[in-house]
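# Commentary on secondary and tertiary structure
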Number of protein chains: 2
Amino acid sequence: MTIRKTDSSQNIESLLQATELFMFQAIGQTKAKNITVVMRYHIESGGARVRARLALNAGLALNLEKKINVSLSACCELIHNASLLHDDIQDGDEMRRGRMAAWLKFDINSAMCAGTLMLSAAYNAVSQVTVYSPQLIAHLHQRTSDLISGQIIDFTSLASVIDVKTYLDMAKGKTGSLLALPLELVMISANEPTALPFAKVAGESFAVAYQIADDMSDLQADLANSRTNIVGILENTGVTRPEALSQAKLLAKENLKFATEYAAKLPANSGAYFIKLCEALKEKIDTSQPSSIENV
Amino acid sequence: MTIRKTDSSQNIESLLQATELFMFQAIGQTKAKNITVVMRYHIESGGARVRARLALNAGLALNLEKKINVSLSACCELIHNASLLHDDIQDGDEMRRGRMAAWLKFDINSAMCAGTLMLSAAYNAVSQVTVYSPQLIAHLHQRTSDLISGQIIDFTSLASVIDVKTYLDMAKGKTGSLLALPLELVMISANEPTALPFAKVAGESFAVAYQIADDMSDLQADLANSRTNIVGILENTGVTRPEALSQAKLLAKENLKFATEYAAKLPANSGAYFIKLCEALKEKIDTSQPSSIENV
């Protein structure tokens, strides 16, 4: 079996299109047509397909066969979108990508079933694509477990008492597991198992930085609604608001540095796209002014 | 690789114990400990482990290696119990196996996460156990899709307008898919793919008979609460209550006959335990008096 194959006609946009098609192929025909309507509404609402791009770019760098590459990226987007469908129900979030969340547009039960079916389809997407499929499946379960643990920590932690360590665990679980996954699935499929820990640290560290940047943007709204926010957590340790903002920014940048360093350790420059994401986030954090964020 | 191995020390009770252990092994360590508490509460609440018994008995008949057999039975129980956790939330059922349903004992979000993690673990349970793991995974997704379709039909169908065909589709999906699954996974693992359609018809037909018998028992409560019931559906076609009861009983027995016939077609007498289940259900239906059921 050819695992690696160079195909110069491959480019990201065509691979992304193939990913969209393969997501529905992996879901398959459903006997209840209305569930497909719900999934289509959610999937076609957009999203930057960051996880697909992470997988595809890394897969191209490691010369993964197109079919394998597309399967991995579809798998990552399926589980990511499944988690969004369930999270919106659990958090009561009414909007997603500028539209009504699926549970509100349709109903909670349908959105819940749609999410569950898409998680199942994530497994189907990689079930038969490479000789490494068994390892891909086992790894997918590990990251699903981490994702769910992060979500559980989130909704069982009171914003008023959560500590920094718990906050980091939550970000690593809820966001980091699915940011590491695309790189990890590529490493498994390219027979580069020694690179797996680098992908994990990169994904988790980026997630922490991303969550902190997000918290700094949403500070006023979060504090007004007693939601978990790293600035509030740091303030609980006894420092002033400006000190907390400064510490948060430092923590984000340290994690971003880690993320970049570890992505750079991935073979054949396969972390290059990931590093670009790190640079874009670093610029966002650098140009944000704690005082201006505070005043939003 | 040895796929079939005779081990005379194997017996159902020890295999069932191994199944319980393997269910938690397939779930794995979770970073949020409270999710394990929810899963343990639900799994250890009992249940007849019918799907485990179906898989184990069929696997023994086909001399499946113990490790494979236990993986298949754990997989079936994990997805079955995952579906119960989610169904209880969706249907608002407050009791399960004589105890408070998990969503009521804990909370909806935790029960939802527990169900999702157990579905994921069902995939993990069979991910690396045989050379047929890729086919097992693909098949598991197909039955998950059928199960979800059945559930969708259930909660989108108004009891007052549902027709017989929709009722049958619902029973085949909601109940039949996971009754066929244990036999199907064994057929795939024993390299008996031509037996798959027999397992499917057997599981789906039994499910229809089971659902009808259940409806006949719950008739008064279902009609009082405007819930879907085959007797009500038949009455909507213009027949009297006694005629509807008689037709329902006939429909159940015809399906049971089908289930038995098709289970008998499975290789090496591997449908023997399934046929015993059919006989037990037939006796229950035969000894029930429509008039007495009607008066409950």
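Residues numbered from 1 in each chain as written. Chains lettered and ligands numbered in written order. Predicted model: local features only at pLDDT ≥ 70, side-chain atom pairs only at ≥ 80, totals over all residues.

### Here's the deal with the overall build of chain A
In terms of regular secondary structure, chain A is built from 14 helices and two strands. In terms of overall dimensions, chain A has a C-alpha envelope of 60 × 45 × 30 Å along the principal axes. Taking all 296 residues of chain A together, 55% fall into the buried category. For chain A, the share of sequence-separated contacts (at least 6 apart) that also reach a separation of at least 24 residues comes to 73%. (Helix = DSSP H or I, 4+ residues; strand = E, 2+ residues; numbered from the N terminus. Buried ≥ 20, exposed ≤ 12 C-beta atoms within 10 Å, placed from the backbone. Contact = placed C-beta atoms within 7 Å.)

### Things to note about the interface of chain B and chain A
Each side of the interface is counted separately: chain B has 39 residues, and chain A has 39 residues. Elements with a minimum of two residues in the side of chain B that touches chain A: α2 (33-43), α4 (66-91), α6 (108-125), α7 (133-156) and α8 (164-189) of chain B. Among the elements that take part in the side of chain B that touches chain A, α7 of chain B stands out by supplying 16 residues, more than any other. When its residues are assigned to classes, the side of chain B that touches chain A shows 15 nonpolar, 21 polar and three charged. (Nonpolar A, V, L, I, M, F, W, Y, C, P; charged D, E, K, R; others polar.)

### Looking at the relation of the copies chain B and chain A
With an axial shift of 0.0 Å and an RMSD of 0.0 Å, the rotation relating chain B to chain A amounts to 180°. The transformation just described matches what one would write down for a two-fold rotation axis. Take the interface residues of chain B: 100% of them recur as interface residues in chain A, which is what a same-surface contact looks like. (Least-squares fit on C-alpha atoms with pLDDT ≥ 70 in both.)

### Notes on the domain arrangement of chain A
All names here are of chain A. Under the domain assignment, chain A is made up of domain 1 (1-128) and domain 2 (132-296). On the domain 2 side, the residues contacting the 27 residues of domain 1 number 25 residues. Of all the secondary-structure elements, those providing two or more residues to the side of domain 1 that touches domain 2 are α3 (50-61), α4 (66-91) and α6 (108-125). No other element matches α4, which puts ten residues into the side of domain 1 that touches domain 2. By residue class, the composition of the side of domain 1 that touches domain 2 is 15 nonpolar, eight polar and four charged. (Domains from an automatic or database assignment.)

### Focus: helix α8 (residues 164-189) of chain A
Residues and elements named next belong to chain A. Over its 26 residues, α8 extends 35 Å from the first C-alpha to the last, a length consistent with the 38 Å expected when each residue adds 1.5 Å. Along its length, α8 shows its largest kink, about 50°, at Gly-176. Immediately downstream of α8, the backbone of Asn-191 shows phi near 55°, a positive value. (Expected span 1.5 Å × (residues − 1). Bend = angle between axes of the 7 residues up to and from the residue.)

### Concerning the environment of Glu-94 of chain A
Note on placement: Glu-94 of chain A falls in the loop between α4 and β1 (95-96). Ignoring any residue separated from it by four or fewer positions in sequence, one finds Glu-94 of chain A in contact with Met-100, Ala-101 and Leu-104 of chain A.

### Points about the packing of helix α9 (residues 196-217) of chain A against helix α12 (residues 241-264) of chain A
All names here are of chain A. Put simply, α9 and α12 touch, their axes get as near as 8 Å, and they point 155° apart. The angle between the axes of α9 and α12 places the two elements in the roughly antiparallel class. The hand of the α9/α12 crossing is left-handed. Each of Phe-198, Val-201, Ala-202, Ser-205, Phe-206, Val-208, Ala-209, Ile-212, Ala-213 and Met-216 in α9 lies in contact with α12, whose residues at this interface are Leu-245, Ala-248, Leu-251, Ala-252, Asn-255, Leu-256, Phe-258, Ala-259, Tyr-262 and Ala-263. Residue composition of the contact of α9 with α12, by class: 18 nonpolar, two polar and no charged. (Axes fitted to C-alpha atoms, helices over the stretch in contact; angles between N-to-C directions. Parallel < 35°, antiparallel > 145°, perpendicular 65-115°, else oblique. Left-handed = near helix turned anticlockwise from the far one by under 90°.)

### Focus on the packing of α3 of chain A against helix α13 (residues 272-287) of chain A
Residues and elements named next belong to chain A. Viewed as axis vectors pointing N to C, α3 and α13 meet at an angle of 140°, and their least axial separation amounts to 8 Å. Comparing their axes, α13 and α3 come out oblique. Across the interface between the two elements, Arg-53, Leu-54, Asn-57, Ala-58 and Ala-61 of α3 pack against Ala-272, Tyr-273 and Phe-274 of α13. In the contact of α3 with α13, the residues fall into six nonpolar, one polar and one charged.

### Details of unusual backbone geometry
Even without a glycine there, the phi angle at Asn-63 of chain A is positive, about 55°. As for its position among the elements, Asn-63 of chain A is in the loop between α3 and α4. Asn-63 of chain A sits in the partly exposed class, given 16 other C-beta atoms within 10 Å. Even without being a glycine, Arg-97 of chain B presents a positive backbone phi close to 50°.

### Here's the deal with the confidence of the model for chain A
Low-confidence regions, as indicated by low pLDDT, have predicted coordinates that should not be scrutinised in detail. All names here are of chain A. Per-residue pLDDT for chain A has a mean of 93; in total, 94% of the residues score no lower than 70. The low-confidence segment residues 1-9 (pLDDT under 50) makes 14 contacts with residues lying over four places distant or belonging to another chain. Note that residues 291-296 has pLDDT below 50 and, in this model, eight contacts with residues that lie over four places away or in other chains. At the level of chain-chain contacts, confidence expressed as ipTM amounts to 0.94, with global pTM at 0.94. (pLDDT = per-residue confidence, 0-100.)

### Regarding helix α2 (residues 33-43) of chain A
Those residues of α2 of chain A that fall on the buried side of the exposure criterion are Ile-35, Val-38, Met-39, His-42 and Ile-43 of chain A. Taken end-on, α2 of chain A shows its buried residues confined to a sector of 125°, consistent with a single buried face. (Arc of directions from axis to C-beta.)

### Some words on the environment of Gln-128 of chain A
Structurally, the position occupied by Gln-128 of chain A is in the loop between α6 and α7 (133-156). Taking the C-alpha atoms as reference points, Gln-128 of chain A and Ala-101 of chain A, 27 residues apart in sequence, are found 33 Å from one another. Leaving out residues up to four positions away in the same chain, Gln-128 of chain A has contacts with Ser-133 of chain A together with Pro-134 and Ala-138 of chain B.

### Points about the environment of Asn-81 of chain A
Residues and elements named next belong to chain A. Mapped onto the elements, Asn-81 comes out in helix α4. Linking Asn-81 and Met-118, residues 37 residues apart in sequence, is a C-alpha distance of 7.6 Å. Setting aside anything within four residues of it in sequence, one finds Asn-81 in contact with His-42, Ile-43 and Met-118.

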